[in-house]
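Survey of secondary and tertiary structure
The chain contents come next:
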Amino acid sequence: MNRFFIFLCLAVFVSGLMQAQAQNVSLRGKVVDTENKPLAGADVRIVDTRLGVNTNMKGEFVLEKLSQGEVSVAVSMLGYATNVIPVELKEGRNELNFQLEITAIALEPVTVTAQQREQQLLDIPITMSLVSAQTLENIPTRSPEYLAAFVPGLTVHIQTPHRPNLAIRGLTSDETSPTAQPRVSVYYNNVSISRASMAVTELYDMERIEVAKGPQGTLFGRGSQIGAIHFVSKRPESVLGGYLSAGIGNYSMKEVEGAINLPIVKNKLFVRAAGIYSYYDGYVKNTSGGKLNGKNTFGGRFSATWLPVENLSFDLVANYQKDDNPGTAFMSKRYPNINGVNDVFSYEASLDEGKTWFNKRDVLGTALTAKYYLNENNYLSSITSYYTNSVDHRWDGDGSVAPAIDMAEYNDVKQFTQELRYNFSLNSRFNGFLGASYWRENVKQRYWFGPDEQYMAYLIFQSPQYMIGENGALGYPMTAIPDMGNPQLAPLVGAPLPANHEEESIGGATNSAYDIFADATYKVSSKLSLTAGLRATAESFTTSTEARMLGDVPSTLGYLLGTAPNFFFAPTGFKEIRKDFVSLTYRINLKYDLSPSANMYAGYAKGRRPNVLQFNSAGESEVMNDEKVHSFDAGFKWNAQQRYWLDLGVFYQKYNDFQTSKWDNANYLVDDAGRATSYGAEATAKAVLSNAWDMFGNYAYIHARFDNEDSDGNRQEYAGKTFRQTPAHSFLLGLNAKMNLTQGIQAVLTPTYAWKSRLWFEDSNDLQPADPSLARLEQEAYGLLNIHLAFKFNRPNLTLSFFASNVLNQKYLIGAGNTGMMFGVPTYVPGAPRMFGAKLLWRF
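Residues numbered from 1 in each chain as written. Predicted model: local features only at pLDDT ≥ 70, side-chain atom pairs only at ≥ 80, totals over all residues. Heavy atoms only, no water.

Let us now look at the overall build of the protein chain. If you tally the helices and strands in the protein chain, you get six helices and 50 strands. Its C-alpha atoms give the protein chain a radius of gyration of 28 Å, near enough to 28 Å, the size a compact globule of 844 residues would have. Taken along its principal axes, the extent of the C-alpha atoms in the protein chain is 100 × 65 × 45 Å. Across the 844 residues of the protein chain, 60% fall into the buried class. Intrachain contacts of the protein chain at a sequence separation of at least 6 include 68% that bridge at least 24 residues. About 32800 Å² of surface is accessible on the protein chain, with carbon and sulfur atoms providing 56% of the total. (Helix = DSSP H or I, 4+ residues; strand = E, 2+ residues; numbered from the N terminus. Rg over C-alpha atoms; globule rule 2.2 N^0.38 Å. Buried < 20%, exposed > 50% of the residue type's maximum accessible area, 1.4 Å probe, protein only. Contact = heavy atoms within 4.5 Å. Areas by Shrake-Rupley, 256 points an atom, 1.4 Å probe, with all protein chains shown as cover.)

Take a look at the structure:
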């Protein structure tokens, strides 16, 4: 089967190259709007032929290898009236420019670059979703969790900023091993961010967010096993302008955001600077002092575009973000807080006294993109990037006032990428790209553990009820190992239990990969097109570990666990393993145009998550098999009268060597869960009913389960279990209602309601803590209502907005299980309650 699809992919490229011969007749031009702004991604076609291209980022196009004679050229773009012009083509170079008029009542025009060239959603033969700049402006919050509701099949939960859970169609990307690679690739301005600790940043001054679903290895690289999320920020322009906004809200919310665009040299050099400061107190009070689940973030971005000559461009983007957030509210359901309340939705936690919990993170990234145009649709590009990231995180693992589980994590990441790509258009019917890339990262990871064994002993001896009293008061410490009548404990009876033991585990990795890739679309006929892509990867992983005791206080409980003088991490000297792997991923898609505004498509793609190198808690090395997925997609896209949009898709996916995560003594490791299957359906709809009303919504159904038997016919451990972080059903409904209050004032109301069915937080679904009453590590179905009301003034150009998220104050969890789960005391993280505020925006 693999050879068959590889042959088909190669056949597409060979056929396209063989067709690149015809007469020396070409048609060049530019597509602009009524304000003479270039329209990138507009569809330019010779009517009733197979010949066509999309305009580049400057709105330019070239149709080559044409035949002499009279033809009709059609230019179309969502949101604009189609323009058809007859032209007499002569030998040599012909020129024809187009100006498109925006439709009075129409969907928002948007350009996408999912296939590494400017196109429209209708052109892409895969299931894809888009969050536009206009959508970002009309919603109350731009948190990734909230924005995920606008993308059917995407779920995002963030307990800590460096460990987000990004799940597409049931596959979660929250890797912890230094060598583990993501299943969901995150891109910023065409640069891969393959480490989860850098994946989530503030979404300010954004142009759009693209989400491509299904294996996208040929388009977005080796890390996009099941999908890719591409964040695109606003580029500098040759005009002076910008904006400034300030907002306040409950929980002492404060936010200041702004951007300025400066032309330095007319039509040659322009820059853009943007920044944000966002703060709110934690919505969970720690009765031992301070707040939890809060935010204190600063972000800045500098962008520059230089056009030294007509066919050469340089784009520089530098991003920086600093998070100095309070700690995460890992709360216990077993133990009440010091007020005697054990409801996590009281938003009052009682964590260890005298300790500070925090989530600190720094991300600095720089990317330089150079493009050299051979002509309007054939160009060479180079993308060079360097990212650094540091994480410092400390948390209370037992979620109670007892000092049993005190942990910290420190990460340091350095990442370099270089990509060279050639985008081509041959014979105006064979369009695509090919190239090569290099990626390398160095990762340092340190875990610190400082248990008070006088309370940890209650958990080890399965007597957790004595650690905290019914009224939430701290129980009496167990100062020595008691006589429990167990012969195995007899030698340690009376041994003192330390209150201040410390230990650490230090890990690291050096990962690198070389890739060659190609992806292209061949126009078989005026209605049928065939797309195929290949990516070959040679990767090398090296990982190391060592564990040691800190200070001079050994663990007593470690003698029971076989890890003495440590408790968590068995002491080991420096160990290192290295492995090299070679892989091939590919895709092939068919698209049939039912009309200029509707098509249907079907495709197959092979995805892969690389092998994982890791060490267990005993310091023993393991190499997990690479996870493979065979994915089949089909869909239908339809645009009617520039006012209605419908996107329907179905998928079926088969997994082998499914990589799940589970606790192994003290380590959260990758484990092979065998075979799995997922299938489902997704739908997105939009309707512009009038100048005053438009509606939007989406729905997703996902059936993602582990198979009953493995490839050898043996029953699997997780047989029939549901993938974690995967609701079977989810939907979003929303509308924009506009009303002109006066000639210069308009009100815009945007309510949205997002609903999800039940989801599990662990692949095991029914993993049992010691107390059966706490067994359900899940979130029942819930919905969130959000409202945004804006008053827009023409002179001056001001917008005053009022917003509220979780209007109905719905109680829901964003995490469950966590570190305490392996000791029978799982912790739970409550989602944000109702939040509201106001913002004032000035555009200039």
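Bringing unusual backbone geometry into the picture now. For the bond from Ala564 to Pro565, the omega torsion is 5°, close enough to zero to count as cis. Cis geometry marks the peptide bond from Arg795 to Pro796, where omega comes out at -5°. Looking at the secondary structure, you find Pro796 in the loop between β46 (782–793) and β47 (798–805). Of note, Asn293 is a non-glycine position whose phi angle comes to about 60°, a positive value. Within the fold, Asn293 resides in the loop between β21 (291–292) and β22 (295–309). What makes Asn293 buried here is its relative accessible area of 10%. Positioned with a positive phi, Gln725 is a non-glycine residue whose angle comes to about 60°. Note on placement: Gln725 falls in the loop between β41 (693–706) and β42 (729–742).

Quick look at the sheet that holds β21 now. Across the sheet, which stays open at both edges, the three strands sit in the order β21-β20-β25 with mixed pairing between neighbours. Each of the sheet's edge strands pairs with one partner strand only, and the pair in question is β21 and β25 (348–349). (Pairing = 2+ DSSP bridges.)

This part takes up the environment of Asp324. Relative to the assigned elements, Asp324 resides in strand β23 (residues 312–326). Asp324 gets classed as partly exposed once you look at its relative accessible area, which sits at 36%. Along the backbone, Asp324 and Asp362 are 38 residues apart, and their C-alpha atoms lie at a distance of 8.8 Å.

With that settled, the discussion passes to the pattern of salt bridges. Following the criterion strictly, the structure yields 42 salt bridges and no others. Glu255 is the partner of Arg142 in a salt bridge, and the nearest nitrogen-oxygen pair spans 3.5 Å. Placement of the pair is Arg142 in the loop between α2 (133–137) and α3 (144–147) and Glu255 in strand β18 (residues 253–265), with a sequence separation of 113 residues. On the accessibility criterion, Glu255 (13% relative accessible area) is buried. The closest approach of N and O atoms between Glu504 and Arg446, which form a salt bridge, is 2.5 Å. On the criterion of sequence distance, the pair formed by Glu504 in strand β30 (residues 502–523) and Arg446 in strand β29 (residues 430–449) is long-range, its members being 58 residues apart. Exposure remark for Glu504: the relative accessible area of 3% places this residue in the buried category. Among the charged side chains, a salt-bridge network with shared partners connects Glu539, Arg608, Asp626, Lys628 and Asp657. (Salt bridge = Lys/Arg side-chain N within 4 Å of Asp/Glu carboxyl O.)

Further remarks concern the sheet that holds strand β13 (residues 184–188). Two modes of strand pairing occur in sheets, parallel and antiparallel, and in both the strands are linked by backbone hydrogen bonds. As summarised here, the arrangement of the five strands in space is β9-β15-β16-β13-β14, forming an open sheet in which the pairing is mixed. Two strands lie at the open edges of the sheet, namely β9 (128–132) and β14 (191–193), each paired on one side alone. Between one strand and the next, the sheet's axes are offset by a mean angle of 20°, whatever the strand orientation. Two strands pair when backbone bridges link them, and strand β15 (residues 206–213) and strand β16 (residues 227–233) are joined in this way by seven bridges, in the antiparallel orientation. Each bridged residue has a counterpart across the sheet, and for Val211 the counterpart in β16 is Ile229. (Axes fitted to C-alpha atoms, helices over the stretch in contact; angles between N-to-C directions.)

Before going further, it helps to spend a moment on the pairing of strand β19 (residues 269–280). Pairing geometry for β18 and β19, over 11 bridges, is antiparallel. Counterpart to Gly258 in the pairing with β19 is Gly275. Connecting β18 to the next strand, β19, in antiparallel fashion are three residues, including Asn267 with a positive phi near 60°. As defined by bridge partners, β19 adjoins β22 across 12 bridges and the pair is classed as antiparallel. Residue pairing for β22: Tyr280 is matched across the bridge by Lys295.

Moving on: the side chain of Arg421. Inspection of the secondary structure puts Arg421 in strand β28 (residues 406–426). Given the relative accessible area of 6%, Arg421 is considered buried. Within polar-contact distance, the side chain of Arg421 engages the side chain of Gln116 at 3.4 Å. Filtering out sequence-adjacent residues up to four positions away, Arg421 remains in contact with Gln116, Tyr379, Leu380, Ser381, Ile383, Phe433, Leu434, Gly435 and Phe517. (Polar contact = N/O pair within 3.5 Å; in protein donor to acceptor, adjacent residues only side chain to side chain.)

Attention shifts here to the nonpolar core. Ranked by size, the top nonpolar core spans 57 residues in total, and within it Val284, Ile405, Phe449, Met456, Leu459, Met467 and Phe823 carry the most contacts. If you list the elements that add at least two residues to this core, you get β29, α5 (453–460), β46, β48 (813–817) and β49 (827–830). The biggest single contributor to this core is α5, with five residues. In terms of nonpolar packing, the next biggest core, distinct from the first, is built from 51 residues, Ile139, Met198, Met206 and Val363 among them. (Core = buried A, V, L, I, M, F, W, Y, C linked by side-chain atoms within 4.5 Å.)

Here we take up the environment of Leu171. Within the secondary structure, Leu171 is located in strand β12 (residues 171–173). Residue classification places Leu171 among the buried residues on the basis of a relative accessible area of 0%. Spatially, the C-alpha atoms of Leu171 and Gly294 are 28 Å apart, while their sequence positions differ by 123 residues. Those residues in contact with Leu171 that sit more than four places away from it in its chain are Leu166, Arg183, Val184, Gln225, Ile226, Glu627, Tyr655, Phe658 and Phe723.

A cluster of nonpolar residues, Leu240, Leu244, Val256, Ile260, Leu262, Ile264, Val265, Tyr277, Phe298, Trp842 and Phe844, forms a patch on the protein surface that exposes about 990 Å² of accessible area. Top element by residues in the nonpolar patch is β18. It accounts for five residues. Under the relative-accessibility criterion, Trp842 is labelled partly exposed at 40%. (Patch = residues over 30% accessible without salt bridge, like charges linked within 9 Å, V, L, I, M, F, W, Y side chains within 5 Å.)

It is worth spelling out empty space enclosed by the protein at this point. Under the counting rule described, the total for this entry stands at 16 cavities of 30 Å³ or more. For the lining of the second largest cavity, the secondary-structure elements that each account for two or more residues are β2 (43–46), β3 (52–54), β28, β29, β30 and β31 (528–550). Looking at side-chain class alone, the lining of the second largest cavity contains four nonpolar, 15 polar and 10 charged residues. (1 Å grid on protein atoms, 1.4 Å probe; cavity = no way out; pocket = protein on both sides within 12 Å on 5 of 7 lines; lining within 4 Å. Points joined across faces, edges and corners; volume = space filled by probe spheres on them. Nonpolar A, V, L, I, M, F, W, Y, C, P; charged D, E, K, R; others polar.)

Here the focus is the packing of aromatic side chains. Following the criterion strictly, the structure yields 37 aromatic pairs and no others. Between Phe298 and Tyr320 the ring centres are 6.5 Å apart and the planes differ by 55°, which places this aromatic pair in the tilted class. Highlighted residues: Phe298 in strand β22 and Tyr320 in strand β23, separated in sequence by 22 residues. Taking relative accessible area as the criterion, Phe298 reaches 43% and is therefore assigned partly exposed. Relative to Tyr458, the ring of Tyr455 lies with its centre 6.5 Å away and its plane at 50°, an arrangement referred to as tilted. Of this pair, Tyr455 and Tyr458 both sit in helix α5, separated by three residues, roughly a single helical turn. Of the residues examined, Tyr455 reaches a relative accessible area of 7% and is grouped as buried. Relative accessible area serves as the criterion here: at 10%, Tyr458 is assigned to the buried category. Ring pairing ties together the aromatic residues Phe449, Phe567, Phe568, Phe569 and Phe823, which thus form one cluster. (Phe/Tyr/Trp six-rings, centres within 6.5 Å; stacked < 30°, edge-to-face > 60°.)

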